[in-house]
Amino acid sequence: MAINTFDDIFDHIGGFGRYQMVLFFVNCYMNVMLVFVYFGQIFMTLAPPHWCAPPEGLDHLNLTTDQLRDLTVPRDAATGAYEQCRRYDVDFAEVIETNASWHNTSWPTTTCTHGWFYDYSSLYYPTITSQLNWVCEEDWRPTLAQSLYFAGAFIASPVFGWAADYFGRLPIIVLTNLMGALAGIASAFATSFTSFTVLRVLVGMTYDTHYMVVYILLLEYVSSEYRTIMANVPIMVFLTAGLCVMPWLAVYLANWTLFALAMHVPQLVAVSFIWLVPESARWLLSQGKLERTVTILEKAAKVNKKELNADVVKDFELFGEKQMEEKKESVTILDLFRTPVLRLRFIVLCITWMVIILAYDAHIRNAEHIGPNFFVTFTIVGAVEFPADLLTMVTLEKLGRRHTTVWSLVLSGCVCLVITAVPQEYSLTVLGLEVMGRFLITMSMNVAQQYPVEVLPTVARGLGSGAIHTMGYVSVFLSPYIVYLSKVGFAVPFIIIGIVSIAGGLVSILLPETLDQDLPDTLHDGETFFRGQGYCYNPWRRRSTVEYLPAMREEIENVKIPINEKATPTSAV
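In this text the structure is predicted, and so the values were computed from the model without any measurement.

Asker: I keep staring at the overall build of the protein chain and nothing clicks. Help me out?
Answerer: For the protein chain, the helix and strand inventory stands at 25 helices and four strands. In terms of overall dimensions, the protein chain has a C-alpha envelope of 120 × 75 × 40 Å along the principal axes. When the 573 residues of the protein chain are sorted by exposure, 55% land in the buried category. Across the protein chain, contacts joining residues at least 24 apart in sequence account for 82% of those joining residues at least 6 apart. Accessible area of the protein chain: about 24800 Å², with a carbon and sulfur share of 63%. In the protein chain, 37 side chains carry a positive charge and 52 a negative one; their mean positions are 9 Å apart.

As structure tokens, this is what we get:
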């Protein structure tokens, strides 16, 4: 069998065997690290329930904490809950001595001039927000810190993406994890908004690249029929487990500093990848390092107990030599815009990712405003990842990449708009619809991570993926502020998420279907692969037809027509 594409070599070394299992387990581990690095800051900056501390000099009243709160803090007229940022401004000693009526709504109020009391019962614990009093007039600080975290990713992701294509996948995996670990560990000891934010920006600079390059490396080492499973099983099991465990780890440690250390110290394991993880054979070939590529493939075949004979190696070397001329050319982001088909696909991939990451992030953050308890709601919303990933694997193989992306985005947006019509007090109904919307956007997210790897050519895969994710940071930068708008109205975040999701689903119709297709290696491949597909192209129907035709042909050939019988013409009606 001649080697015409890189994927042909998998017929000889194994499309997924013991060799690829190392990458598979590394990817599983990195899915947990992705959750910790991405969502950990939410639990570091979480605001515990709080209310204004009473003025000094009331100790002689011998009131309990609850009685003091009842005396000094007004209640919200609509919900009956204690206000978090206002207190009464009266002489409380006189109120007690004269037995005046409490809860007099005519009393004047003021801000929390004497600080706050924080309630660390009901699963809450000290966070940097309560430590530095980032509440009430200062509640913009956690939101800004999270947004600047993504600004760091926006700055560094294209640089690391370029570096992954220039220096190789493995060095960037180790570098970004090491850098993120050190900055994350240092942030655990921050004592001011400036120091915390600067260190979280450094963590943000490594975010996504530290995981995405491992993801790319895994998919570059497995054949097309295993890509869906290998891309989604680690997410389905390990990312889900990370989402469900993380809130309760925060509760168990009950201290944001210890929690920050627990989130980032495990990243130091990435140093061991220098000896455990192979460099991408596709990338080595794209750099003209044919001899080293063959060495890795021979080792892969040996570990997978496959025979890679001399004729196959010779065919592969001939294939590699044919690819050298274009692959040795320096590739920049501008090369993805030079030809019309690749340009359109790259732009649509950027838009689709921007929409999906914005909606995905906002769904998670908005869990704080849904349900009776944030930790329980976050766990429920996180657990949705498992069935969503499972269904994604089915739809990717049945409906294909494009239909799964389009319909999951559009339906998720519609669910968000339905939520806006439900009264906020129907919290269980809102939670159920939110889980459904989160389920659908998770399906979109899983496909969106896999799509660039399958559409972009090897020579620009790291660079292009980095650029796509960089554009995502432009939109996800706004996510904390979209959730913050819940202060204006409960329905506002859902309206924005719903409209954006539907629009993104309609745009993603322009993407090609990549089910059962080889990965493109050169820029020419990226321009010509998948051409000629209609927007309603159904890969499952094509696959079924291809599987059915040989049997049908064999059945027709076995039909014997007696030679003495003649066809009798039918009479005209």
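Asker: Can you walk me through the state of the cysteines in this structure?
Answerer: Put plainly, two cysteines are in a disulfide when a covalent bond ties their sulfur atoms together. Under the criterion given, the structure shown has two disulfides. A sulfur-sulfur separation of 1.7 Å characterises the disulfide bridge that pairs Cys-52 with Cys-112. Its S-S torsion of approximately -60° makes the covalent link between Cys-52 and Cys-112 left-handed. Of this pair, Cys-52 sits in strand β1 (residues 50–52) while Cys-112 sits in the loop between β3 (109–110) and β4 (116–118), and the two are 60 residues apart along the sequence. Each of the two residues, Cys-52 as well as Cys-112, counts as buried. The disulfide bridge from Cys-85 ends at Cys-136, spanning 2.0 Å between sulfur atoms. Of note, the bridge from Cys-85 to Cys-136 carries an S-S torsion of about -95° and is left-handed in sense. You can see Cys-85 sitting in the loop between α3 (65–72) and β2 (87–88) and its partner Cys-136 sitting in the loop between α5 (128–131) and α6 (140–166), a full 51 residues away along the chain.

Asker: Please clarify how the packing of helix α10 (residues 224–253) against helix α18 (residues 385–398) should be interpreted in this entry.
Answerer: A pair of packed helices is captured by two measures, namely the crossing angle of their axes and the spacing between those axes. One way to put it is that α10 packs onto α18 with a least axis distance of 8 Å and a crossing angle of 170°. Judged by the angle between their axes, α10 and α18 are roughly antiparallel. Between α10 and α18, the residues in contact are Thr-228, Ile-229, Asn-232, Val-233, Ile-235, Met-236, Val-237, Leu-239, Thr-240 and Leu-243 and Glu-385, Phe-386, Asp-389, Leu-390, Thr-392, Met-393, Leu-396 and Glu-397, respectively. By residue class, the composition of the contact of α10 with α18 is eleven nonpolar, four polar and three charged.

Asker: Would you mind going over the nonpolar core with me for this structure?
Answerer: In a soluble, globular protein the nonpolar side chains are often hidden away together inside. Counting residues in each nonpolar core, the largest one holds 130 residues, and the members touching the most others are Phe-39, Phe-43 and Phe-316. In terms of residue count, helix α2 (residues 18–44) provides more of this core than any other element does, 17 residues in total. The contact partners of Phe-43, leaving out residues within four places of it in the chain, are Tyr-125, Thr-127, Met-246, Pro-247, Ala-250, Phe-259, Phe-374, Phe-375 and Phe-378. Val-384, Val-430, Leu-431 and Met-443 belong to the second largest nonpolar core, which has 14 residues in total.

Conventions used here
- Residues numbered from 1 in each chain as written.
- Predicted model: local features only at pLDDT ≥ 70, side-chain atom pairs only at ≥ 80, totals over all residues.
- Heavy atoms only, no water.
- Helix = DSSP H or I, 4+ residues; strand = E, 2+ residues; numbered from the N terminus.
- Buried < 20%, exposed > 50% of the residue type's maximum accessible area, 1.4 Å probe, protein only.
- Contact = heavy atoms within 4.5 Å.
- Areas by Shrake-Rupley, 256 points an atom, 1.4 Å probe, with all protein chains shown as cover.
- Lys, Arg positive; Asp, Glu negative; His and termini not counted.
- Charge placed at Lys NZ, Arg CZ, Asp CG, Glu CD.
- Disulfide = S-S within 2.5 Å.
- Axes fitted to C-alpha atoms, helices over the stretch in contact; angles between N-to-C directions.
- Parallel < 35°, antiparallel > 145°, perpendicular 65-115°, else oblique.
- Nonpolar A, V, L, I, M, F, W, Y, C, P; charged D, E, K, R; others polar.
- Core = buried A, V, L, I, M, F, W, Y, C linked by side-chain atoms within 4.5 Å.

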